[in-house]
Amino acid sequence: MEDSEKNLDFDTILDLVGGGGKWQWRKLFWLAPAHIAYGIPLLLHLFTAYAPSHRCYVQNCDSALNPDFHAGFLNFSTPTDHTSSTFLRDAEDYDPCQTYVQTSPICHPRAFNPHAKQNCSSFVYDQSEFSATLTTKLDLVCDKVNVRHSLGSIMMFGLLTGSLIGGPLSDKIGRKNAILTSIVITVPCLIGNVFKYSLYDCFVH
């Protein structure tokens, strides 16, 4: 009898209590949305702060209303020799952070000095995948790329803090109550992200 008890494994327990009864399926139905909600914050940063391919806005060449990301004047207005600051990122055809210095207010090869470069004052983004992200709204590229990277660090710090708090809290009030508490905090934050662009436009404009 003692040997048989020692050999009990999870499959044996499922044989005793049932592996797919109404109780198990009811628990699965109620717990599945919670587990999905936990994964959304991890993916939220990847999409909201996504940095698409970008280049400098070229004064007197780009259209102010609808600039073309793959414009022909880039061949003489933007350098092609540059290094990427992002690991494993596809190489850009043109320097995403600099242009040649413009010597006259016309869009012509002679109007740009190929021996002098200047940093971008504004940017044009590739909108083939996303029409707008937090990065494109705030121009978190080039000189501000560290601000975008810090957002990921803040998220990871939040996960670390949640892990350190969640364990002791589960021991004190119970795992189910701790999970419900985290859901009450997480869900309003996720819903609030839906309105983040509207709030941004409200405060900025």
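Residue positions are counted from 1 within each chain, in the order its sequence is given. Predicted model: local features are reported for residues with pLDDT of at least 70 only, side-chain atom pairs are reported and counted for 80 or more only, and whole-chain, interface and lining totals are derived from all residues. Hydrogens are left out, water is left out, and the side-chain values use all remaining heavy atoms of the structure.

Two cysteines form a disulfide when their sulfur atoms are joined by a covalent bond. The definition used for a disulfide is geometric: two cysteine sulfur atoms within 2.5 Å. Considering all chains together, one arrives at three disulfides under this definition. Between the sulfur atoms of Cys56 and its disulfide partner Cys120 the distance amounts to 1.5 Å. Note on the Cys56 and Cys120 pair: the S-S dihedral is about -60°, so by sign convention the disulfide is left-handed. Placement of Cys56 in strand 1 (residues 54–56) and of Cys120 in the loop between strand 3 (112–119) and strand 4 (123–125) is noted, with a sequence separation of 64 residues between them. When sorted by exposure, Cys56 lands in the same class as Cys120, which is buried. Labels follow the DSSP assignment, with helices taken as runs of H or I lasting at least four residues and strands as runs of E lasting at least two, numbered in each case from the N terminus. Think of it in three bands: residues with accessible area under 20% of the maximum for their type are buried, residues over 50% are exposed, and the middle band is partly exposed, with areas taken using a 1.4 Å probe on protein chains only.

Our next topic: the side chain of Arg148. Structurally, the position occupied by Arg148 is in helix 6 (residues 145–173). Exposure remark for Arg148: the relative accessible area of 14% places this residue in the buried category. Only 3.1 Å separates the side chain of Arg148 from the backbone oxygen of Leu140, close enough to count as a polar contact. Should any heavy atoms of two residues lie within 4.5 Å, those residues are counted as being in contact. Not counting chain neighbours up to four residues away, the residues in contact with Arg148 comprise His45, Ala49, Ala51, Thr135 and Leu140. Nitrogen and oxygen atoms within 3.5 Å of one another constitute a polar contact, given that in protein one can donate a hydrogen and the other can accept it, and given that sequence-neighbouring residues count only through two side-chain atoms.

Definition used for salt bridges: Asp or Glu carboxyl oxygen within 4 Å of a side-chain nitrogen of Lys or Arg. Following the criterion strictly, the structure yields one salt bridge and no others. Here Arg55 ties to Asp62 by a salt bridge, and the two come within 2.8 Å at their closest N and O atoms. Here the two residues Arg55 and Asp62 agree in accessibility, since each one is buried.

A few words now on the environment of Leu138. Examined against the element boundaries, Leu138 turns out to sit in helix 5 (residues 134–138). Placed 89 residues apart in sequence, Leu138 and Ala49 show a C-alpha to C-alpha distance of 9.9 Å.

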